[in-house]
Amino acid sequence: MAVVRMSLRLGLAALCFLAVPVFASAADRAYVDLFGGNTWLDSGSGLGGNDHAPVLGLRVGQRVDAHLGIEAQVAAAFAQLQKPVGQSAKQYSGAVIGNLYAFNGPNTPYLSLGLGASSNVFGTAAGRVTNPVAIFGVGYQHLLGDHFGLRLDVQDQMLFDNPVPHNGLLNDVQVTGGISYFWGGSGRHRAFPIIGPAKP
């Protein structure tokens, strides 16, 4: 009989644990994500071996429900990117992005779609130009407790109306990893809820 009672208590504790939606630790909470990686412009840029560089950026957003999130993203690429033009040629970009999450849990792949702008220098004649950008990407998010998470993103930032040899669409692929911080999460918003002893 004691074994049966213990089994029932363990079963009840497990049901209580499963009944708490784990994604509540991420849903409806604002977050900031610091990311870094590398960016590659395609061969149409005419930059030769100087068409790639490290990139650093910041995202601020919120997962508004189980399968949808929205965020603002800003980034800058440094080092040798676009160096042949002989002037300051860092790349700056910003966008508003919607994330479509595959699962309603905190650890999930997602699809990213966004619109924004990218500031580049592709030649001394045109100087610095700002191009409209459409973003298509995929990513994966993994939460580490209540407040922290890890992200991996691959984005194709499609730059339009470029003064480059092909004078049109230019692909800029960014591969980044990030560390996220989520505000809140105390009390009922626990990624790993604490289960107390079952009452007799």
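What counts and what doesn't
- Residues numbered from 1 in each chain as written.
- Predicted model: local features only at pLDDT ≥ 70, side-chain atom pairs only at ≥ 80, totals over all residues.
- Heavy atoms only, no water.
- Helix = DSSP H or I, 4+ residues; strand = E, 2+ residues; numbered from the N terminus.
- Buried < 20%, exposed > 50% of the residue type's maximum accessible area, 1.4 Å probe, protein only.
- Contact = heavy atoms within 4.5 Å.
- Patch = residues over 30% accessible without salt bridge, like charges linked within 9 Å, V, L, I, M, F, W, Y side chains within 5 Å.
- Areas by Shrake-Rupley, 256 points an atom, 1.4 Å probe, with all protein chains shown as cover.
- Salt bridge = Lys/Arg side-chain N within 4 Å of Asp/Glu carboxyl O.
- Phe/Tyr/Trp six-rings, centres within 6.5 Å; stacked < 30°, edge-to-face > 60°.
- Lys NZ or Arg CZ within 6 Å of the ring centre and 35° of its normal.
- Pairing = 2+ DSSP bridges.
- Axes fitted to C-alpha atoms, helices over the stretch in contact; angles between N-to-C directions.

1. Brief notes about the overall build of the protein
Regarding its fold elements, the protein presents 1 helix and 8 strands. Relative to its 200 residues, the protein shows a buried fraction of 40%. The long-range share in the protein, meaning contacts at least 24 apart out of those at least 6 apart in sequence, stands at 61%.

2. Considerations on a nonpolar patch on the surface
Taken together, the side chains of V64, L68, I70, V96, L100, L113 and F136 define a hydrophobic patch exposed on the protein surface, amounting to about 580 Å² of accessible area. Every element with two or more residues in the nonpolar patch is listed here: β3 (68–77) and β4 (91–101). Along the chain, L100 turns up in strand β4.

3. Structural notes on the pattern of salt bridges
Tallying each qualifying case throughout the model produces 5 salt bridges. Linking E71 and R59 is a salt bridge whose minimum nitrogen-to-oxygen distance equals 3.8 Å. Here E71, found in strand β3, pairs with R59, found in strand β2 (residues 52–65); they are 12 residues apart in sequence, far enough to count as distant. Judged by its relative accessible area of 2%, E71 is buried.

4. Digging into the packing of aromatic side chains
Under the counting rule described, the total for this entry stands at 4 aromatic pairs. Taken together through their ring pairs, the aromatic side chains of F148, Y181 and W183 make up a single cluster. Over the ring of F35 we find R59; its NZ or CZ atom is 3.8 Å from the centre of that ring. Here R63 stacks its cationic end above the ring of Y101, 4.1 Å away from the centre of that ring.

5. Describing the sheet that holds β2
Spatially, 8 strands are ordered β1-β2-β3-β4-β5-β6-β7-β8 in a closed barrel, and the strand pairing comes out antiparallel. Recorded for the sheet is a direction-independent mean angle of 25° between the axes of neighbouring strands. Here strand β6 (residues 128–144) pairs with strand β7 (residues 148–159) via 12 bridges, running antiparallel. Along β7, the bridge assignment pairs L143 with G149.

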